[in-house]
Amino acid sequence: MAIKRALFSCSSSVLAVRLSRHSANLIPRHPRHLTSSSRHLLLSRMLSPLMPHLHQQMFPPQYLDSNGYPIAYAHPGPPLASMSSMTLNNLTMKAVRVHRFGGPDVLQVDTNVPVPEVGDDQVLVRVIYAGVNPVETYIREGQYSRLPELPYTPGSDAAGYVQQLGRNVTTLKVGDRVFVSGNSSNSSNSGSYSQYVVSDGTYVFPLHPRLSFAQGASLGVPFFTAYKALILRAETKPGETVLIHGASGAVGTAAVQIARALGAIVVGTAGTKEGMDVVSKCGAHHVFNHNHKSYDKKMVEHLGTGFDVIIEHLANINLGHDVQMLNEKARVMIVGCRGAVNINPRHLMGPEASVRGVALGSSTPPEWAQMGAAIVAGIEAGWASPVINKEYTMDQVAQVHHDIVHSKGAKGKLVLRVADD
């Protein structure tokens, strides 16, 4: 079996990490397939004797764990417990970097990016999958209200294993499966398109074994946005009729699941037969094709009523129609817009309806904790199940940024596979 080994070269101030493959037949079976007890026994017998004298010659003591093994070694599965007291500062990792704003071609994979330092209230996560969101393409192009300093690593959502904990973080332990959702103006998180991401503890949550790491990386922006729109902003109630425009995308499928679990009557739209099937499987009671002529009138005729809540992903196209389908005291929640739009305010006056904006990035830490608690409970209860459309490797990052904007007919979430579990 091919085993990854970290080779370090030390200069006066920089320790660069390069990975190479070393062929050996030392481990007949991958440790992740063993039981916990046999796995630790195997690690103690096989990892420690793997050229320990060479390790001691090559690495300073602070870069070796209690087994005499380099702490940056790509251990299969969770980190060893001894890593909790180690530091990865001054070590480097593989990450996607943006050195100038522009099209997808400005995304490049660098192999000597410093591993981010961990503060007292932060968590270092070894990333297995990173979620890709449309907002990251706007930031990459330089077309966003808040832009990072160059160069930067994109991404806010990830899933993987806890690698290191700040001294004030007590709710997690090294080796835990977690997901990261850090798209907040209050956070100081590093980018998630990387082998390691550091996040304030506020934005790191336990990942139930029912979900894969790919699904875990799909929870952040989509589920938190959907929950904030439906629950915190619209205050949707059981029995209300909810329309989710563009329900086959990542936020849309999350909104369908949340609204259905709440007890609302859920109506979703999609642009393809495949997308409509996805929306139905997520729990929508009624599904319509928004590419069909006069579909908005057909929805109202079919239901015999308008809508109490509308989740709108493309306000510049749909808002003018939305305001003509509203019940009394209805709320239209804008979670996406790609341009200006003209509407007739008279359509809001009669039902005393309202149009409200939703910005996940403006959420406060208490709101983030509330959303996270509800979503974690939804995972445990079984109704929160992210839909994965397609996986990409880190080398395909330019392609995923193209596809998330230009592909026709969304069918769930796009994710980057950063490492093997």
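Let me begin by describing the structure that accompanies this report. (Residues numbered from 1 in each chain as written. Predicted model: local features only at pLDDT ≥ 70, side-chain atom pairs only at ≥ 80, totals over all residues. Heavy atoms only, no water.)

**Quick look at the packing of helix 5 (residues 220–233) against helix 11 (residues 365–381)**
Right, so step 1: One way to put it is that helix 5 packs onto helix 11 with a least axis distance of 10 Å and a crossing angle of 105°. The orientation of helix 5 with respect to helix 11, classified from their angle, is roughly perpendicular. Residues Phe-223, Phe-224, Tyr-227, Lys-228 and Leu-232 of helix 5 touch helix 11, and the partners they reach there are Glu-367, Trp-368, Gln-370, Met-371, Gly-372, Ala-374 and Ile-375.
Right, so step 2: Across the contact of helix 5 with helix 11, the residue classes break down as eight nonpolar, two polar and two charged. (Axes fitted to C-alpha atoms, helices over the stretch in contact; angles between N-to-C directions. Helix = DSSP H or I, 4+ residues; strand = E, 2+ residues; numbered from the N terminus. Parallel < 35°, antiparallel > 145°, perpendicular 65-115°, else oblique. Contact = heavy atoms within 4.5 Å. Nonpolar A, V, L, I, M, F, W, Y, C, P; charged D, E, K, R; others polar.)

**A word on the nonpolar core**
Right, so step 1: By size, the foremost hydrophobic cluster in this structure holds 52 residues, and its most contacted members are Phe-179, Leu-219, Phe-224, Leu-230, Ile-244 and Val-256.
Right, so step 2: Core analysis: the next-biggest nonpolar cluster, separate from the first, contains 29 residues, Val-96, Val-132, Val-204 and Val-418 among them. (Core = buried A, V, L, I, M, F, W, Y, C linked by side-chain atoms within 4.5 Å. Buried < 20%, exposed > 50% of the residue type's maximum accessible area, 1.4 Å probe, protein only.)

**Focus on the sheet that holds strand 15 (residues 354–357)**
Right, so step 1: In space, the six strands of this open sheet follow the order 12-11-10-13-14-15, with parallel pairing throughout. Since the sheet does not close on itself, it has two edges, and those belong to strand 12 (286–289) and strand 15, each with one partner. Taken pair by pair, the neighbouring strands of this sheet meet at an average axis angle of 20°, ignoring direction.
Right, so step 2: By the bridge criterion, four bridges tie strand 14 (residues 326–334) to strand 15 in an arrangement that is parallel. When the sheet's bridge partners are listed, Ile-334 is paired in strand 15 with Gly-357.
Right, so step 3: Of the strands in this sheet, strand 10 (241–244), strand 13 (307–312), strand 14 and strand 15 touch helix 5, which is tilted by about 150° from strand 13. (Pairing = 2+ DSSP bridges.)

**A closer look at helix 6 (residues 250–262)**
Right, so step 1: For helix 6, spanning 13 residues, the distance from its first C-alpha to its last is 19 Å, which sits close to the expected 18 Å at 1.5 Å a residue.
Right, so step 2: Burial analysis of helix 6 places 10 of its 13 residues in the buried class, the great majority of the element.
Right, so step 3: Of the residues making up helix 6, those classed as buried are Ala-250, Val-251, Gly-252, Thr-253, Ala-254, Ala-255, Val-256, Gln-257, Ile-258 and Ala-259.
Right, so step 4: In this structure, the buried residues of helix 6 make contact with helix 5, strand 10, strand 11 (265–270), helix 7 (273–281) and strand 17 (413–417).
Right, so step 5: Taken from the residues just after helix 6, Gly-263 is the one with a positive phi, measuring 105°. (Expected span 1.5 Å × (residues − 1).)

**A few points about the side chain of Glu-240**
Right, so step 1: Tracing the backbone through its elements, the reader meets Glu-240 in the loop between helix 5 and strand 10.
Right, so step 2: At 2.9 Å, the side chain of Glu-240 forms a polar contact with the backbone nitrogen of Lys-237.
Right, so step 3: Among the polar contacts listed, one links the side chain of Glu-240 to the side chain of Arg-331, at a separation of 2.9 Å. (Polar contact = N/O pair within 3.5 Å; in protein donor to acceptor, adjacent residues only side chain to side chain.)

**Considerations on the pattern of salt bridges**
Right, so step 1: Applying the stated criterion across every chain yields a total of eight salt bridges.
Right, so step 2: A salt bridge links Arg-167 to Asp-120, with the nearest nitrogen and oxygen atoms 3.3 Å apart. Taken together, the residues span a long stretch of sequence, with Arg-167 in the loop between strand 6 (157–165) and strand 7 (177–181) and Asp-120 in the loop between strand 4 (107–114) and strand 5 (122–131) at a distance of 47 residues.
Right, so step 3: Classification of Arg-167 by relative accessible area gives exposed; the value is 70%.
Right, so step 4: We note a salt bridge from Arg-417 to Glu-391, for which the minimum N-O separation is 3.7 Å. Here the residue Arg-417 occupies a position in strand 17, and Glu-391 occupies one in strand 16 (residues 388–393), the gap between them amounting to 26 residues. (Salt bridge = Lys/Arg side-chain N within 4 Å of Asp/Glu carboxyl O.)

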